[in-house]
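What follows is the residue order along each chain.
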Amino acid sequence: MFSTAEIGIDLGTANILVYSKGKGVVLNEPSVVAIDTNTNKVVALGHEAKRMIGRTPDNIETIRPLKDGVIADYDITTSMLRTIMKMTSKKLGMSLRKPNVVICAPSGATSVEKRAIEDAVKSSGANQVFLIEEPVAAAIGADLPVDEPIANVVVDIGGGTTEVAIISFGGIVSCQSIRVGGDQFDDDIVQFVRKKYNLLIGERTAEEMKIEIGYALVKHEEVKINIRGRDLVTGLPKTISVSSYEMQEAMQDSLLQILEAIRATLEACPPELIGDVVDRGVLLTGGGALMNGLQDWLREEIVVPVHIAPNPLESVAIGTGKSLSIINKLLQAAR
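Quick caveat, the model's predicted, so the values are computed rather than measured.

**A few points about the overall build of the chain**
Then, number 1: Secondary structure summary: the chain contains eleven helices and 18 strands in total.
Then, number 2: The C-alpha atoms of the chain give a radius of gyration of 20 Å, which matches the 20 Å a tight globule of 335 residues would have.
Then, number 3: Judged by the C-alpha coordinates and their principal axes, the chain covers about 60 × 55 × 30 Å.
Then, number 4: The burial tally for the chain puts 51% of its 335 residues in the buried class.
Then, number 5: Pairs at least 24 residues apart make up 63% of the contacts formed inside the chain by residues separated by at least 6 positions.

**Quick look at the side chain of Thr88**
Then, number 1: Within the secondary structure, Thr88 is located in helix α2 (residues 74–92).
Then, number 2: Polar side-chain contacts of Thr88 include one of 2.8 Å to the backbone oxygen of Ile84.
Then, number 3: Beyond its immediate stretch of four places on either side in the chain, Thr88 contacts Val18, Val26, Leu27 and Leu96.

**Considerations on the sheet that holds strand β4 (residues 33–36)**
Then, number 1: Taken together, the three strands give an open sheet; going across it, the order is β5-β4-β6, and neighbouring strands pair in antiparallel fashion. The open sheet has two edge strands, β5 (41–45) and β6 (60–63), and neither has a second partner. Sheet twist, expressed as the average angle between the axes of neighbouring strands with direction ignored, equals 30°.
Then, number 2: Bridging between β4 and β5 involves four bridges; their strand directions are antiparallel. By the bridge assignment, Asp36 is partnered in β5 with Lys41.

**Let's talk about the packing of helix α7 (residues 244–267) against helix α9 (residues 294–302)**
When two helices pack together, their arrangement is captured by the angle between the axes and the distance separating the axes.
Then, number 1: Contact geometry for α7 and α9: axes closest at 11 Å, N-to-C directions at 45°. The pairing of α7 with α9 is recorded here as oblique in orientation. The two elements α7 and α9 meet at a crossing, and its hand is right-handed. Facing Leu255, Leu256, Leu259, Ile262, Arg263 and Leu266 of α7, the residues of α9 in contact are Leu294, Trp297, Leu298, Glu301 and Ile302.
Then, number 2: Here the residues of the contact of α7 with α9 are counted per class, giving nine nonpolar, no polar and two charged.

**Considering the pairing of strand β13 (residues 171–178)**
Then, number 1: Note: strand β12 (residues 162–168) against β13, seven bridges, orientation antiparallel. Within the sheet, the bridge partner assigned to Val164 lies in β13 and is Gln176.
Then, number 2: Linking two consecutive strands that pair antiparallel, namely β12 and β13, is a turn of two residues; a positive phi of about 55° is found at Phe169 within it.

**Side note on unusual backbone geometry**
A negative phi angle is the norm for most residues apart from glycine, just as the trans form is the norm for most peptide bonds.
Then, number 1: Not every positive phi belongs to a glycine, and Asp68 is a case in point at roughly 55°.
Then, number 2: Secondary-structure assignment places Asp68 in the loop between β7 (66–67) and β8 (70–71).
Then, number 3: Here the phi dihedral of Asp143 falls at roughly 65°; this positive angle occurs in a residue that is not glycine.

**As for the environment of Val193**
Then, number 1: With respect to the helices, strands and loops of the structure, Val193 is situated in helix α5 (residues 182–197).
Then, number 2: The spatial distance from the C-alpha of Val193 to the C-alpha of Ala44 is 30 Å, given a sequence separation of 149 residues.
Then, number 3: Apart from the residues within four sequence positions on either side, Val193 is in contact with Asn198, Leu199, Ile201, Met209, Ile227 and Ile240.

**Regarding the side chain of Asp156**
Then, number 1: With respect to the helices and strands, the residue Asp156 is situated in strand β11 (residues 152–157).
Then, number 2: One buried charged residue, Asp156, remains without a salt bridge, the closest side chain of opposite sign being Lys210 at 13 Å.
Then, number 3: A polar atom in the side chain of Asp156 sits 3.0 Å from the side chain of Thr285.
Then, number 4: Looking at Asp156, its side chain comes within polar contact range of the main-chain nitrogen of Gly286, at 3.5 Å.
Then, number 5: If we ignore the near neighbours within four places in the chain, the residues touching Asp156 are Glu134, Thr161, Thr162, Glu163, Thr285, Gly286 and Val316.

**Some words on the nonpolar core**
Then, number 1: One finds Val193, Ile201, Ile227 and Leu294 to be the most contacted residues of the largest nonpolar core, which totals 47 residues.
Then, number 2: A total of nine residues in this core trace back to one element, the largest contributor, which is α7.
Then, number 3: Among the domains, domain 2 (149–180 + 257–309) and domain 3 (182–250) are the pair contributing at least three residues each to this core.
Then, number 4: Counting 29 residues, the second largest nonpolar core, distinct from the first, contains Val26, Val33, Leu96 and Ile117.

**Observations concerning a nonpolar patch on the surface**
Then, number 1: A grouping of Leu290, Ile308 and Leu313 is seen on the molecular surface, where their side chains present a nonpolar patch of about 260 Å² in accessible area.
Then, number 2: Relative to the helices and strands, Ile308 resides in strand β18 (residues 306–308).
Then, number 3: On the accessibility criterion, Ile308 (33% relative accessible area) is partly exposed.

**Description of the domain arrangement of the chain**
Interface size is commonly expressed as the accessible area that is lost once the parts come together.
Then, number 1: Taken domain by domain, the chain comprises domain 1 (6–33 + 67–137 + 316–334), domain 2 (149–180 + 257–309) and domain 3 (182–250).
Then, number 2: If you average the C-alpha positions of domain 1 and of domain 2, the two centres end up 24 Å apart.
Then, number 3: Listed by partner, the interface residues are 16 residues for domain 1 and 14 residues for domain 2.
Then, number 4: Across the interface of domain 1 and domain 2, roughly 1100 Å² is buried in total on both sides, 57% from carbon and sulfur atoms.
Then, number 5: The three residues of domain 1 that bury the most area against domain 2 are Asp68, Ser107 and Pro135, which together make up 41% of that side's buried surface.
Then, number 6: Where domain 1 touches domain 2, the interface holds one salt bridge.
Then, number 7: Its salt-bridge partner being Glu113, residue Arg179 comes within 3.2 Å of it at the nearest N-O pair.

Reading the values: rules and limits
As a convention, each chain's residues are numbered from 1 in the sequence order in which they are written. Predicted model: local features are reported for residues with pLDDT of at least 70 only, side-chain atom pairs are reported and counted for 80 or more only, and whole-chain, interface and lining totals are derived from all residues. As a rule here, side-chain values cover all heavy atoms of the structure and leave hydrogens and water aside. The way it works is that DSSP assigns letters per residue, a run of H or I at least four long becomes a helix, a run of E at least two long becomes a strand, and they are numbered from the N terminus. Here the globule rule is a power law, 2.2 Å times the number of residues to the power 0.38, and the radius of gyration is based on C-alpha atoms. Burial status follows relative accessibility: with a 1.4 Å probe on protein chains alone, a residue under 20% of its type maximum counts as buried, one over 50% as exposed, and anything between as partly exposed. The contact rule is simple, with two residues in contact once any of their heavy atoms fall within 4.5 Å. The definition of a polar contact used here is a pair of N or O atoms within 3.5 Å, where within protein one atom must be able to donate a hydrogen and the other to accept one, and adjacent residues in sequence count solely through side-chain atom pairs. DSSP-based pairing: two strands are paired if at least 2 bridges between them are found. Fitted lines through C-alpha atoms give the axes, limited to the stretch in contact for helices. The angle between two N-to-C directions lies from 0 to 180 degrees. Orientation labels follow simple angle bins: below 35 degrees gives roughly parallel, above 145 gives roughly antiparallel, 65 to 115 gives roughly perpendicular, and whatever is left gives oblique. Take the far helix as the reference: if the near one is turned anticlockwise from it by less than a right angle, the crossing is left-handed, and if turned clockwise, right-handed. Side-chain classes are defined by residue name, with Ala, Val, Leu, Ile, Met, Phe, Trp, Tyr, Cys and Pro counting as nonpolar, Asp, Glu, Lys and Arg as charged, and the others, Gly among them, as polar. When charges are counted, Lys and Arg contribute as positive and Asp and Glu as negative, whereas His and the chain ends are disregarded. The salt bridge criterion pairs a side-chain nitrogen of Lys or Arg with a carboxyl oxygen of Asp or Glu, the two atoms within 4 Å. In these notes, a set of buried Ala, Val, Leu, Ile, Met, Phe, Trp, Tyr and Cys residues joined through side-chain atoms within 4.5 Å is what counts as a nonpolar core. Per the annotation, domain bounds derive from an automatic or database assignment of domains. Nonpolar side chains (Val, Leu, Ile, Met, Phe, Trp, Tyr) are joined into patches within 5 Å and like charges within 9 Å, using only residues with over 30% relative accessible area and no salt bridge. Computed by Shrake-Rupley with a 1.4 Å probe, the accessible areas treat only the displayed protein chains as cover when residues are assessed. Accessible area that two parts lose when put together, evaluated with a 1.4 Å probe and summed over both, is termed the buried area.

Laid out in C-alpha cells, this is it:
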C-alpha cells in the first residue's frame, strides 16, 4: 500500500482506459453505467452495463455520462470514476490511496468543462490532478517527439470528438476540435436506415455495422450485411441487407467534416513547420483510425503521408501515463 501511486486516465466518450506506471494499460471499459432509478445506485459498469443497453426493465437505466468528450452527468461520472479506481486497485493488487492522476481533456473543451473533469477526478479520491490535452497525450502515446521543435500532426478520432493538432516543442501550435466521432457515425447509420428502409435499429447494431462494413469515401469491393430491426410501418421485426456503399452514403457528411477540420488545421500551420508536415505526414489515432479505407482516403485528399498509430485505441491512455514523468515540462510549455 502506498499513497503516491501515479495513474493516467483516458476519460473517453466511448471507453475509459487506465494506465499505471510500469504496468501499461490495466483497465479498458466502455463508458457506460447502469443505474437503478429507484435507489440511484450503480448496478453495473463497463462491459457488463454495455451488454444491458436496450435490454433492461423500467427501473434500470443505462447511461453514458460523457458526451462529446466532456462530462454530461457530473454525479454519475464521479460514481463511475470511484468504481474505476476500485477496479484498478483490484487489478494492481494494491490500494490506490490518493493517487496522482493525469487525465486528458479535449483541446476544444471550455474552462468550465475542464474544471468539471478535474473536480470529478478529485471527488473520486485523487490527490493531485493534471489535465493534458488529448492530442498531446495521443502524440506522446504514439512515441512522437513532441518536445522537439518539429511538427507532429495528430488526428485523434474518438467516440465523441475528433481532435486535429500540430504539436511542436511540447505545445499545440494549431488545432481544431469538432464534436464528430464514432458516436456521430453510429447516429448517422441509425438515421439513414430509418429514413431509407423505415427500420428502427439500436446503437449497438449501428456500431457493429460500422465496424464490419464501414468504409471511408474510397472505391472498394462491395460488402453486404444482414441486419434486424423493427419495421416502423408494421411494428414487426424485419431483416434487411445493407451494403458498404450505403454505409459510405450514411457517414459521408461526418467524414467530410473531419476532412475539413484537418485542412483548416494544416492551413493554419506556420510556414517554418510546413516542410516537417510534408516529410513526416499525419498520424491517425483513436478508434476511428481503424475505419476501413480511412488512411488511403485521407492520403489522397490532403496529399501528405498518413500513418496509423501502432496502438490507436490505447494511444491517449499510454500518453497520459507516460506524461507523468514529463508533466512539469508540459505545464511550463502550456503557460
